[in-house]
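Here is how the chains run, residue by residue.
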Amino acid sequence: MKTLSVALSFIFFGGVALAAPKYPFVVEVVGKVKWTDRDGKLAVLKNKQVLIEKASFETEENGQVLIQVDAQRKLRLYGGGSIEIPAISWETGEAPVVLLKYGRMRWQEGPEKTYNVSLRSDVFEFLSPVGDFVFSFDPKAALAEVKVILGSMSFSAMNAEDVALVGTGQKCSFQGVLDGGQIVYDILLKGKKIPQGKLGLVQPLSSEEKEMYSLAPLKKKIKKTEAKTSIKKAVDEGNGNTLAICKSPNGNLNQCSWTCEGNPKKEKKSCLFEKPEVRCVRRRCNANGEWSEASEVSKEKGMGLCRSQPLVRECDY
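Residues numbered from 1 in each chain as written. Predicted model: local features only at pLDDT ≥ 70, side-chain atom pairs only at ≥ 80, totals over all residues. Heavy atoms only, no water.

Our next topic: empty space enclosed by the protein. Within this structure, the stated rule accounts for one cavity of 30 Å³ or more. Within this model, the largest cavity holds a volume of roughly 70 Å³. Together, Lys113, Asn116, Leu127, Ser128, Pro129, Val130, Ser298, Glu300, Lys301 and Gly304 line the largest cavity. Residues belonging to the lining of the largest cavity are distributed by class as follows: three nonpolar, four polar and three charged. (1 Å grid on protein atoms, 1.4 Å probe; cavity = no way out; pocket = protein on both sides within 12 Å on 5 of 7 lines; lining within 4 Å. Points joined across faces, edges and corners; volume = space filled by probe spheres on them. Nonpolar A, V, L, I, M, F, W, Y, C, P; charged D, E, K, R; others polar.)

If you want it as structure tokens, here you go:
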């Protein structure tokens, strides 16, 4: 029988003392924020508070809370909003689901994530994308929207076929249907739900919106990261990677490559997923020095991995 208990900074799991997870934790609390802890009780929220098992937050109009979900991801709930993290792993601190009940939430994610997070509301659900995004949801109006500060993503209603590719400096919304104050869904086989409504057109962010979510500090950090990546790539391509057994691109044994296939030749930077012939393909470097086991990854995942030039790194499985 497994036993769980917390003592100082350790978790005793199966009789073995493990270091307690340090994520997710609260980075910043501004104004009035209601925090419901794992026991379902309202508690005093403090900076550096590590979240255990589950948590929910509700901000008043003047309140905000910033949460470091893991080393690569953080979210900020703005004033007049509510989110729920329904499950947090005791062993790893992984929080695989974030539910936006209402209000605005900013999601920032780096490329080196170790597990998937599902972002949900009553009208949308998708794996969290790499980049910087502001999601909003108003259940009283059945209205959801994404503003893309940096990156790109496929935005749609839950389980819907109509999808909009929204890039940096753009936004898109979904207007659902209400009946008696309740969101209306089409119910398909096995209880699958699709909200009724209409996906809006992709539009540019206004100058006010751009100023509100300024990118200047983040762009500076990204440029430094890109510079380091370029140096490493040059070394590898110059045979500095002595462990590489696969070529074009160079790769070590059991590393994976992600390649954008079907991309227009004139496109030098991005993988144009809006074109139906474009796809992101993952391959593994085998012991024979061959890129093998080709498999297509979803466009949503591919947006964070595929560019015009192949990406090589440790496999994600």
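Additional details are given in the paragraphs that follow.
Structurally, Glu53 can be placed in the loop between strand 6 (42-43) and strand 7 (55-59). Here Glu53 falls in the partly exposed class, since its relative accessible area comes to 31%. Residues Glu53 and Ala87 lie 34 residues apart in sequence; the distance between their C-alpha atoms is 5.6 Å. For Glu53, the residues in contact, after removing those within four places along its chain, are Arg38, Pro86, Ala87, Ile88 and Trp90. In terms of polar contacts, Glu53 uses its side chain to reach the side chain of Trp90, at 3.2 Å. (Helix = DSSP H or I, 4+ residues; strand = E, 2+ residues; numbered from the N terminus. Buried < 20%, exposed > 50% of the residue type's maximum accessible area, 1.4 Å probe, protein only. Contact = heavy atoms within 4.5 Å. Polar contact = N/O pair within 3.5 Å; in protein donor to acceptor, adjacent residues only side chain to side chain.)

In this structure the tally under the stated criterion is four disulfides. Cys260 shares a disulfide with Cys271; S-S distance 1.9 Å. Judged by the torsion about the S-S bond (90°), the Cys260/Cys271 disulfide is right-handed. Linking Cys260 in strand 24 (residues 255-261) with Cys271 in the loop between strand 24 and strand 25 (279-285), this pair joins segments that are 11 residues apart in sequence. Here the cysteine-cysteine linkages of the protein are recorded as 1-6, 2-8, 3-4, 5-7, numbering only bonded cysteines and doing so in sequence order. (Disulfide = S-S within 2.5 Å.)

Note the cis peptide between Tyr23 and Pro24, where omega equals -15°. Relative to the helices and strands, Pro24 resides in the loop between strand 3 (16-19) and strand 4 (25-30). Here the amide bond leading from Ser248 into Pro249 is cis, since omega sits at 5°, within 30 degrees of zero. The residue Pro249 is located in the loop between helix 2 (216-237) and strand 24 in this model. Here Ser248, not a glycine, exhibits a phi torsion of approximately 50°, which is positive. Judged by its relative accessible area of 72%, Ser248 is exposed. If you check the backbone angles, Glu293 has positive phi at about 55° while not being a glycine.

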